[in-house]
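An overview of the molecular structure
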Amino acid sequence: MRLFLLWLVVSTLSACSSNEAGPAVSSSMVMPEAGISRGVERTGSGLYEFGKEPLHFTFYAHYSYYTMPQWGADPSSKWIRDHLQIDIEAISAEGNAAQKLQKMIAGKKLPDMIWGQRDSDLERLREVGLLVPLDDYIEKYPNLRKWAGPKILNLLRASDGHIYYFPNYYTNRPYGNAGYVVNKRIYRELGSPKLETTEDLYQYLKQVKARYPDVIPFETGLAKEGHGIDQLFSAFKEDNFSFTRYFAVTSGERMASIYKDEGFRESAVYVAKLMREGLMTPDALTQTEDQVSEKLMKDRVAVFASADPMKMAMKANAELSRKNPENGYFFIDPIYKQGLDKSKIYPGTYNLLGWNVIAITTGAQNPEAIFAMLDWMTGPEGSAVQMWGPPGPNGYWDGFKEDGVTPNFTSKYSENPENLTEIQSISGDLIWVGNTVYLDQTKSEYEATLPEEKRNWSTYWQDKVTWKSQGDATPFINLYPLPDTEEGGIYRGVKDIWLKARANAMFGKTDAEVLSILDSAHDESMAIGFQRYLDFITSKWHDNLKLLNTE
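Read on for an overview of the structure. (Residues numbered from 1 in each chain as written. Predicted model: local features only at pLDDT ≥ 70, side-chain atom pairs only at ≥ 80, totals over all residues. Heavy atoms only, no water.)

1. Looking at the packing of aromatic side chains
For any pair of aromatic rings, the description consists of the separation of the ring centres together with the inter-plane angle of the planes. In this structure the tally under the stated criterion is 41 aromatic pairs. Taken together, a centroid distance of 5.2 Å and an interplanar angle of 65° make the contact between Tyr48 and Phe50 edge-to-face. Assessed through its relative accessible area of 18%, Phe50 is described here as buried. For the pair Tyr460 and Trp461, a centre-to-centre distance of 4.9 Å together with 85° between the ring planes defines the contact as edge-to-face. Here Tyr460 falls in the buried class, since its relative accessible area comes to 18%. Taken together through their ring pairs, the aromatic side chains of Phe233, Tyr246, Phe247, Tyr259, Phe264, Tyr480, Tyr491, Trp498, Phe530 and Tyr533 make up a single cluster. Lying across the ring of Tyr202, Lys273 places its NZ or CZ 4.0 Å from the centre. The ring centre of Tyr396 lies 4.9 Å from the NZ or CZ of Lys412, which sits over that ring. (Phe/Tyr/Trp six-rings, centres within 6.5 Å; stacked < 30°, edge-to-face > 60°. Buried < 20%, exposed > 50% of the residue type's maximum accessible area, 1.4 Å probe, protein only. Lys NZ or Arg CZ within 6 Å of the ring centre and 35° of its normal.)

2. Notes on the side chain of Thr197
The topology assignment puts Thr197 in the loop between α7 (184–189) and α8 (198–211). You can call Thr197 buried: its relative accessible area is 4%. Each residue touching Thr197, except ones within four places of it in the same chain, is listed here: Ile335, Tyr336 and Gln338. (Helix = DSSP H or I, 4+ residues; strand = E, 2+ residues; numbered from the N terminus. Contact = heavy atoms within 4.5 Å.)

3. So, empty space enclosed by the protein
Scanning the entire structure with this criterion turns up three cavities of 30 Å³ or more. Of the voids in this model, the largest cavity is the one considered here, and its volume is about 80 Å³. Surrounding the largest cavity, Ile229, Phe264, Ser267, Ala268, Val271, Ala272, Arg502, Ala505 and Met506 form its lining. Listed by contribution, the elements that provide at least two residues to the lining of the largest cavity are α10 (262–276) and α19 (486–506). Ranked by the residues each element gives to the lining of the largest cavity, the list is headed by α10, at five residues. The residue inventory of the lining of the largest cavity, partitioned by class, reads seven nonpolar, one polar and one charged. (1 Å grid on protein atoms, 1.4 Å probe; cavity = no way out; pocket = protein on both sides within 12 Å on 5 of 7 lines; lining within 4 Å. Points joined across faces, edges and corners; volume = space filled by probe spheres on them. Nonpolar A, V, L, I, M, F, W, Y, C, P; charged D, E, K, R; others polar.)

4. Some words on the sheet that holds strand β4 (residues 166–167)
Spatial strand order, β2-β1-β3-β12-β4: five strands in an open sheet with mixed pairing. Each of the sheet's edge strands pairs with one partner strand only, and the pair in question is β2 (86–91) and β4. Note that strand β3 (residues 113–116) and strand β12 (residues 357–360) share four bridges and pair antiparallel. For Trp115, the partnering residue across the bridge sits in β12 and is Ile358. Against the sheet, helix α3 (residues 97–106) contacts β1 (55–61), β2 and β3, and its axis sits at roughly 135° relative to β1. (Pairing = 2+ DSSP bridges. Axes fitted to C-alpha atoms, helices over the stretch in contact; angles between N-to-C directions.)

5. Digging into the environment of Thr474
One can find Thr474 in the loop between β15 (470–472) and α19. A sequence separation of 120 residues divides Thr474 from Gly354, and the C-alpha atoms of the two residues are 8.9 Å apart. When sequence neighbours within four positions are dropped, the list of residues in contact with Thr474 reads Leu155, Tyr350, Asn351, Leu352, Asn544 and Leu548. There is a polar contact of 2.7 Å between the side chain of Thr474 and the side chain of Asp472. (Polar contact = N/O pair within 3.5 Å; in protein donor to acceptor, adjacent residues only side chain to side chain.)

6. Remarks on the environment of Arg532
The residue Arg532 is located in helix α21 (residues 530–549) in this model. Judged by relative accessible area, which is 40%, Arg532 ranks as partly exposed. C-alpha of Arg532 to C-alpha of Ala318: the two residues are 214 residues apart in sequence and 50 Å apart in space. With near-sequence residues (within four places) excluded, Arg532 lies in contact with Glu486, Glu487 and Ile490. In terms of polar contacts, Arg532 uses its side chain to reach the side chain of Glu487, at 3.3 Å.

7. As for the packing of helix α13 (residues 367–378) against helix α14 (residues 380–388)
At a minimum axis distance of 4 Å, the contact between α13 and α14 shows a crossing angle of 70°. Taken as axis vectors, α13 and α14 run roughly perpendicular relative to one another. Counted together, Trp376, Met377 and Thr378 of α13 and Pro380, Glu381, Gly382, Ser383, Val385 and Gln386 of α14 form the full contact between these two elements. (Parallel < 35°, antiparallel > 145°, perpendicular 65-115°, else oblique.)

8. Some details on the sheet that holds strand β10 (residues 329–332)
Sheet strands pair by backbone hydrogen bonding; their relative direction is either parallel or antiparallel. Strands sit in the order β6-β9-β5-β10 across an open sheet of four strands; the sheet is mixed. The open sheet is flanked by β6 (216–219) and β10, the only strands paired with a single partner. When the angles between neighbouring strand axes are averaged without regard to direction, this sheet yields 20°. With three bridges connecting them, β6 and strand β9 (residues 301–306) associate as parallel partners. Following the sheet pairing, Phe218 is matched in β9 by Val303. Along the sheet, helix α11 (residues 289–297) makes contact with β6, β9 and β10, crossing β9 at roughly 140°.

9. Observations regarding the pattern of salt bridges
In the structure shown here, the tally under the stated rule is 27 salt bridges. A salt bridge links Lys52 to Glu49; the shortest N-O distance between them is 3.7 Å. For Lys52, a relative accessible area of 53% corresponds to the exposed category. Through salt bridges that share partners, Lys78, Arg81 and Asp82 make up one connected network. (Salt bridge = Lys/Arg side-chain N within 4 Å of Asp/Glu carboxyl O.)

10. Quick word on the pairing of β3
Side-chain alternation along β3 places Met113 and Trp115 on one buried face and Ile114 and Gly116 on a second face that is also buried. Across three bridges, the pairing between β1 and β3 is parallel. Across the sheet, residue Phe59 finds its bridge partner in β3, namely Met113.

11. Observations concerning helix α17 (residues 436–447)
Under the 1.5 Å per step criterion, the end-to-end length of α17 is 16 Å for 12 residues, consistent within 8% with the ideal 16 Å. Judged by how many residues are buried, α17 sits mostly within the fold: 10 of 12 residues are covered. Where α17 is concerned, the buried positions are Thr436, Val437, Tyr438, Leu439, Asp440, Thr442, Lys443, Ser444, Tyr446 and Glu447. The inward-facing, buried residues of α17 abut α6 (143–156), α14, β13 (397–400), β14 (407–409), α15 (412–415) and α18 (457–466). (Expected span 1.5 Å × (residues − 1).)

Structure (structure tokens):
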């Protein structure tokens, strides 16, 4: 049966387009049986004991744009490497994640861990038995079970009843960094005008362009991933939880075409106007994160909107404020169209499952040791090491309080924030199983005891702006169809149309041209079965609602 399933996956994937095809799984691939642990060092409680032997794991991030920082080069991962004897080797996506995963499968050598979206590529591997079920480990080890809780674990459960994914940034409360960052110096020099509505923003960007010819008025970040332009879409629509990832919006009890949504159409016209008038970065679709970061560091951005502007703006703010304490960046409340309820505008969303997941493959020689490491990372000590660096009197925290959970933060936390910012700017890309509730609650409670001028910049703005303005999109998770289904084929075709239409609309020469592009994209999508896809994700959405309402 397993060989037949493997053959079936190969057959169905061979029909996929080169751009969207997932990993082709070979029936000749030989992997260890799922769940077998080899050479496990155990404590008296039967849990894996770190430090008794060197461990070497391979890690692959299934993102074309992600590059893992060198393990052991930053203080946090160096401490983990030296104290726990854990070495992690990165496998690069080489700029094409789908192709890289396919190559690894064809070469019959899967990485020990895969980090990515809980989507069709990981589901393919799960369906043919190439991912390790984690149920027994979850019951055995304490942290994920404690901090995630039954609702999140049930949301992770696959159709066969098992859990294969370890979630990242799972939560039971709002979190997230999506929103708008504004340059302090430029804002001050322009008289600190009101920046609340889309019209306010437009007028402000025109002032920036007129006075600062070398500055980007509106920086989007990676617009090809929806950054910046999705935030502008949120400004034109209340209760906008699904954004653009499904090419659909809610309309009553159904999911409907995004192309016909009035809020989206207004936002597309607005984005094109910014582009036409030179108010938005012209290379929004082609630039890299490094190029965006460089502009921020060099004080050449007036307003920056993104799904996570915090990551780059945090470091840039530290650099600019070091030179002049009056300069740097600050967050503003979400921009909204005049007449809408601003309390229902969400530039970003969160869900109980968080961002993405790690799966342990059956290629791992020691899956229990890997799970033990991940469970440690998501617990108090692992979270503290990754977020605040190594423990000790010379560090930012020195052990725990009597509850064994709350870190004893040292005076260095508030007196030397620059180095902490440096630690977090790197370790943030190494937090693969983040514990949102623990991290947010711990740092917020401690920060509240400090005077405002000594609070961590990112924590301050998360507490003041971003956490309050993220919408709960849990009902809209995991709506994607599997690729070897009719709906999956429709999805691929609709996605191709979407990518072309949104790029073309950004550069529309007139409002009428923009709307014509959207109308044509709608018609093309409908011609290849868009309605069937919309019906499918409507059904999945309602399934999620039933699951959430029965917990």
